[in-house]
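One-letter residues, chain by chain:
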Amino acid sequence: MQTLMNRIMQDGNVLNGDVLKVDSFVTHQVDPSLMAEVGQCFAEVFKDYGITKVVTIESSGIVPAIYTAQQLKVPMIFARKSKSLTMDEELLTASVYSFTKQVTSTVAISSKFLTKEDRVLIIDDFLANGQAAKGLIELCQKAEAEVVGVGILIEKAFQSGRKLLEEMQVKVVSLARIESLENGKIQFLEGDA
Ligand code: 5GP
């Protein structure tokens, strides 16, 4: 997605050689027009896959996931990282190691929201080593829901996430694929959409 790549070039900042900061348009302050285009782009790719739910993980997956779900006209579910008092029903859980926070946490979705009839599109902001997406796939597997694909805004293709997900037989679609962040310079591969 050319607009996303242009915006990353314009406003993205490289930290420590392998982390990209996009807090002025994705992860903290959000550009709704750009996110609406992201939603349209994923919906166009996955419109014929019979998706019934869009699933993401809080917090920065929520915005792209909601725009995608709106376009596909299906509900969006975000896996929660901390258990709320109101989550008093049966939970599907998985452990996820966070690349940016470097801690393992349990993520949960109420089992009433995912069933074996569901065909799921997972959406997240970044793909690094694939642990967040893997945790969400495991949650869906516990519900016997089928994961049809994973949609990612920014894939860091120099990390191992895509390989891990493709080994799990899941289709991965990234809107911007970064080949390298070496020396603070952002270099792209062609995106999938
Ligand atoms: P993974 O689980 O694929 O290793 O990492 C993906 C998760 O870590 C995403 O949900 C995202 O929040 C975070 N993440 C990974 N790499 C980056 C990065 O370069 N920048 C930001 N802002 N978040 C990242």
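Residues numbered from 1 in each chain as written. Predicted model: local features only at pLDDT ≥ 70, side-chain atom pairs only at ≥ 80, totals over all residues. Heavy atoms only, no water.

Novice: Before we go on, may I ask you to explain the overall build of the protein in this structure?
Specialist: Per the secondary structure count, the protein includes 5 helices and 10 strands. For the protein, the C-alpha radius of gyration of 16 Å lies close to 16 Å, the compact-globule estimate for 193 residues. Across the 193 residues of the protein, 48% fall into the buried class. Excluding contacts between residues fewer than 6 apart, the proportion of contacts in the protein whose partners are at least 24 apart in sequence is 60%. Both charge centroids of the protein, one from 20 positive and one from 25 negative side chains, sit 2 Å from each other. (Helix = DSSP H or I, 4+ residues; strand = E, 2+ residues; numbered from the N terminus. Rg over C-alpha atoms; globule rule 2.2 N^0.38 Å. Buried < 20%, exposed > 50% of the residue type's maximum accessible area, 1.4 Å probe, protein only. Contact = heavy atoms within 4.5 Å. Lys, Arg positive; Asp, Glu negative; His and termini not counted. Charge placed at Lys NZ, Arg CZ, Asp CG, Glu CD.)

Novice: I keep staring at the site of the ligand and nothing clicks. Help me out?
Specialist: Every one of the 16 residues lining the ligand counts as a neighbour, but Leu20, Asp124, Asn129, Gly130 and Ala132 are closest to it. Gln131 is positioned with one of its backbone polar atoms (N or O) 3.1 Å from an oxygen atom of the ligand. Contact with the protein chains hides 89% of the accessible area of the ligand, taken as 500 Å² for the molecule alone. Cavity membership is defined here by more than half of the atoms lying within 2 Å of grid points; on that basis the ligand lies in the largest pocket. If you list the elements that add at least two residues to the shell around the ligand, you get strand S2 (19-21), strand S7 (119-127) and helix H4 (131-142). (Near = heavy atom within 4 Å. Polar contact = N/O pair within 3.5 Å; in protein donor to acceptor, adjacent residues only side chain to side chain. Areas by Shrake-Rupley, 256 points an atom, 1.4 Å probe, with all protein chains shown as cover. 1 Å grid on protein atoms, 1.4 Å probe; cavity = no way out; pocket = protein on both sides within 12 Å on 5 of 7 lines; lining within 4 Å. Sits in = over half its atoms within 2 Å of the grid points.)

Novice: Sorry if this is basic, but what is going on with the environment of Glu89 here?
Specialist: By secondary structure assignment, the location of Glu89 is in the loop between strand S4 (76-79) and strand S5 (91-97). For Glu89, a relative accessible area of 28% translates into the label partly exposed. On a C-alpha basis, the gap between Glu89 and Ser110 in space is 6.6 Å, while along the polypeptide they are 21 residues apart.

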